[in-house]
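As a plain string of letters, each chain reads:
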Amino acid sequence: MLAIVGDLHGDKQRLLQAVCAAYDEGASAVLGVGDNGWLPEWEEVTVKFPLPFFTVCGNHEHWQYLTPYMSDRHAVQLSKNYYYCPRGSSLNIDGLNVGFLGGATSVDSGIQKQYKVWSPHEVLTREQAKRLQPPVDVLITHCPPQGTIDRHLNPHNLSRFGQSIYWKDPCSEVVEFTWKRLGYPQLFCGHLHRPIHDGNRIRVLGEAECILYHRTGHEYPPSPFHLFGSPPSSV
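Criteria and cut-off values
- Residues numbered from 1 in each chain as written.
- Predicted model: local features only at pLDDT ≥ 70, side-chain atom pairs only at ≥ 80, totals over all residues.
- Heavy atoms only, no water.
- Buried < 20%, exposed > 50% of the residue type's maximum accessible area, 1.4 Å probe, protein only.
- Helix = DSSP H or I, 4+ residues; strand = E, 2+ residues; numbered from the N terminus.
- Pairing = 2+ DSSP bridges.
- Right-handed = clockwise from strand over helix to strand, strands pointing away.
- Salt bridge = Lys/Arg side-chain N within 4 Å of Asp/Glu carboxyl O.

Looking now at the pairing of strand 2 (residues 29–32). Where burial is concerned, the two faces of strand 2 agree: the one with Ala29 and Leu31 and the one with Val30 and Gly32 are both buried. The pairing of strand 1 (residues 2–5) with strand 2 spans 4 bridges and is parallel. Directly across from valine 5, in strand 2, lies its bridge partner glycine 32. Handedness of the crossover joining strand 1 and strand 2 through helix 1 (residues 12–24): right-handed. Relative to strand 3 (residues 53–55), strand 2 runs parallel, the two sharing 3 bridges. Looking at strand 3, one finds that glycine 32 is bridged to threonine 55.

What follows is the structure, encoded as structure tokens:
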């Protein structure tokens, strides 16, 4: 059984709470969907983790600590029990092949560029996504597939960030294409800061939400179970 935790934005104590709760429920590892904001001093907390934490990057990270490893093909240990999983890497955890595709384009990237705080390292490329090859049972991304965004978000809200209602995140389009190429594995993501069930194969986690994922058997569909955080929306 695996646990998955949503965007944390620097809340290392909430991550410790999630890892400990997952351990109590019998999980073998905790997976993160990015936007954690890891810093080297986090080791004072991660050393207390009873389980390993494997995470992708989001679009809000301290990039100086991640960019040296972004071309790696395997998980990189950043501090005790805390592992960064570069784009296109994969791991077998608890008998499941887990693929990792972090990154997203900030919806306010135009504003960030104006103030010179935007980083190109946030962008997931097709070349990076091609590294990930089947079989993949579980796909961990930061941004949702574009279809999920189209079904659940109001495009008129994009104007608040200086974008046209027709703007599409190219990273979400890469995730959509890769998810289909891999045969529609169970997908967990974040980025939207609200929990969403998009059918039974895509689960968007809310901010700091934590859920359990248990595959009950090959003849049954995988079943995500809620651990703590806001309940999901299916609208």
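There's more to say after this.
Going through the model one piece at a time under the given rule, you end up with 4 salt bridges. Residue aspartate 198 pairs with arginine 151 through a salt bridge whose shortest N-O separation is 2.6 Å. Of this pair, aspartate 198 sits in strand 10 (residues 196–198) while arginine 151 sits in helix 5 (residues 146–152); the two residues are 47 residues apart in sequence, bridging distant segments of the chain. With relative accessibility at 52%, the residue arginine 151 sits in the exposed group. The closest approach of N and O atoms between glutamate 209 and arginine 203, which form a salt bridge, is 2.7 Å. Judged by relative accessible area, which is 2%, arginine 203 ranks as buried.

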